[in-house]
Amino acid sequence: MRFIRDIILFFIGLLLALFSVALARLGYGAFGLVQIPIIALVTMVFFFKESRLAALTAGLGLGLDAMSAYPFLTWTMILAATALFGWYLARTVLTNRSLPSLIMLGVAMRFGYFIFEIAFSRAAEFFGGTVWYMVSTIDLPRILGAFGIELAALAVIFVIYVRSHGERSRMLSHL
């Protein structure tokens, strides 16, 4: 049964990767820069077990790799490093399960994702990959708008989770 659950999570990761690329290509303004993989990874790190995180991360990474100009497995490494970074933070620093912890985890993982993306994309140039991500062409208002959309999505996911689980531990109120 675990194998079937992991396969389903892997395919959900593939679908999220397709949706993320479609949103990036069709989206205008801040919505084109929203990182669906980050929202999915933060949610998985915060709410679920490590085995489920691994299955979804593999699906996301391989799905993005299939549609990328980077050498194969670059996106898988970026997302795996981001997931590992977030998992470490969630287990050592942000141990309580409150909305502020989720938001801080989202901010930290988004920053880690940015750093890993720069590092791996620059390393990919050595292996013949083309880098479409240029730091010099950052449009700060659009990026901040996308970041705000990502954090709002995490807050909505948190509220839905708390409401569906009966708000047993006062997740919204304690720090």
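Please refer to the structure higher up on the page.
Notes on the structure follow. (Residues numbered from 1 in each chain as written. Predicted model: local features only at pLDDT ≥ 70, side-chain atom pairs only at ≥ 80, totals over all residues. Heavy atoms only, no water.)

## Points about the pattern of salt bridges
Then, number 1: Applying the stated criterion across every chain, the model contains 3 salt bridges.
Then, number 2: Between Asp6 and Arg5 there is a salt bridge; the shortest N-O distance is 3.3 Å.
Then, number 3: Given a relative accessible area of 25%, Arg5 falls into the partly exposed group.
Then, number 4: In this structure, Glu50 and Arg91 form a salt bridge, with 3.2 Å as the shortest nitrogen-oxygen distance. Separated by 41 residues along the polypeptide, Glu50 in helix 3 (residues 50–66) and Arg91 in helix 4 (residues 74–92) bring together distant segments of the chain.
Then, number 5: Of the residues examined, Glu50 reaches a relative accessible area of 37% and is grouped as partly exposed.
Then, number 6: For Arg91, a relative accessible area of 31% gives the class partly exposed. (Salt bridge = Lys/Arg side-chain N within 4 Å of Asp/Glu carboxyl O. Buried < 20%, exposed > 50% of the residue type's maximum accessible area, 1.4 Å probe, protein only. Helix = DSSP H or I, 4+ residues; strand = E, 2+ residues; numbered from the N terminus.)

## A word on the packing of helix 2 (residues 36–47) against helix 6 (residues 140–164)
Then, number 1: Helix 6 packs onto helix 2 with a crossing angle of 35 degrees between their chain directions and a minimal axis gap of 10 Å. Handedness of the crossing formed by helix 2 with helix 6: right-handed. Where helix 2 abuts helix 6, its residues Ile38, Ile39, Val42, Thr43, Phe46 and Phe47 lie against Glu150, Ala153, Leu154, Ile157, Phe158 and Tyr161.
Then, number 2: For the contact of helix 2 with helix 6, the residue count by class is 10 nonpolar, 1 polar and 1 charged. (Axes fitted to C-alpha atoms, helices over the stretch in contact; angles between N-to-C directions. Left-handed = near helix turned anticlockwise from the far one by under 90°. Contact = heavy atoms within 4.5 Å. Nonpolar A, V, L, I, M, F, W, Y, C, P; charged D, E, K, R; others polar.)

## Some remarks on the environment of Ser20
Then, number 1: Its place among the elements puts Ser20 in helix 1 (residues 2–26).
Then, number 2: The sequence separation of Ser20 and Gln35 amounts to 15 residues, and the corresponding C-alpha distance is 6.8 Å.
Then, number 3: Residue contacts for Ser20: discarding those within four places in its chain leaves Ile36 and Pro37.

## Examining the side chain of Ser101
Then, number 1: Summarising the element assignment, Ser101 is placed in helix 5 (residues 99–125).
Then, number 2: Residue Ser101 is classed as buried on the basis of its relative accessible area, which comes to 5%.
Then, number 3: When residues no more than four places from it in sequence are discounted, the contact partners of Ser101 are Phe46, Leu94 and Asn96.

## Describing the environment of Phe47
Then, number 1: Assignment of secondary structure puts Phe47 in helix 2.
Then, number 2: A C-alpha to C-alpha distance of 9.0 Å links Phe47 and Tyr161, two positions 114 residues apart in sequence.

## Focus on the packing of aromatic side chains
Then, number 1: Across all of its chains, the model carries 7 aromatic pairs by this definition.
Then, number 2: Ring geometry for Phe47 and Tyr161: centres 4.2 Å apart, planes at 35 degrees, overall tilted. Residue Phe47 is found in helix 2, and its partner Tyr161 is found in helix 6; the two are separated by 114 residues along the sequence.
Then, number 3: On the basis of relative accessibility, which here comes to 15%, the residue Phe47 falls in the buried class.
Then, number 4: With a relative accessible area of 22%, Tyr161 lands in the partly exposed category.
Then, number 5: Taken together, the ring pairs in this structure connect Phe46, Phe47, Phe158 and Tyr161 into an aromatic cluster. (Phe/Tyr/Trp six-rings, centres within 6.5 Å; stacked < 30°, edge-to-face > 60°.)

## Concerning a nonpolar patch on the surface
Then, number 1: A cluster of nonpolar side chains, Met1, Phe3, Ile4, Ile7, Ile8, Phe11 and Ile12, forms an exposed patch at the surface whose accessible area comes to about 770 Å².
Then, number 2: Position of Ile8 among the secondary structure elements: in helix 1. (Patch = residues over 30% accessible without salt bridge, like charges linked within 9 Å, V, L, I, M, F, W, Y side chains within 5 Å. Areas by Shrake-Rupley, 256 points an atom, 1.4 Å probe, with all protein chains shown as cover.)

## Points about the nonpolar core
Then, number 1: Core analysis: the largest hydrophobic core is formed by 38 residues, its most contacted members being Leu41, Val42, Leu60 and Leu105.
Then, number 2: Mapped by element, the contributors of at least two residues to this core are helix 1, helix 2, helix 3, helix 4, helix 5 and helix 6.
Then, number 3: Per-element accounting of this core gives the leading share, 10 residues, to helix 2.
Then, number 4: Excluding residues that lie within four positions of it along the chain, Leu105 makes contacts with Val42, Val45, Phe46, Gly86, Leu89, Ala90 and Leu94. (Core = buried A, V, L, I, M, F, W, Y, C linked by side-chain atoms within 4.5 Å.)

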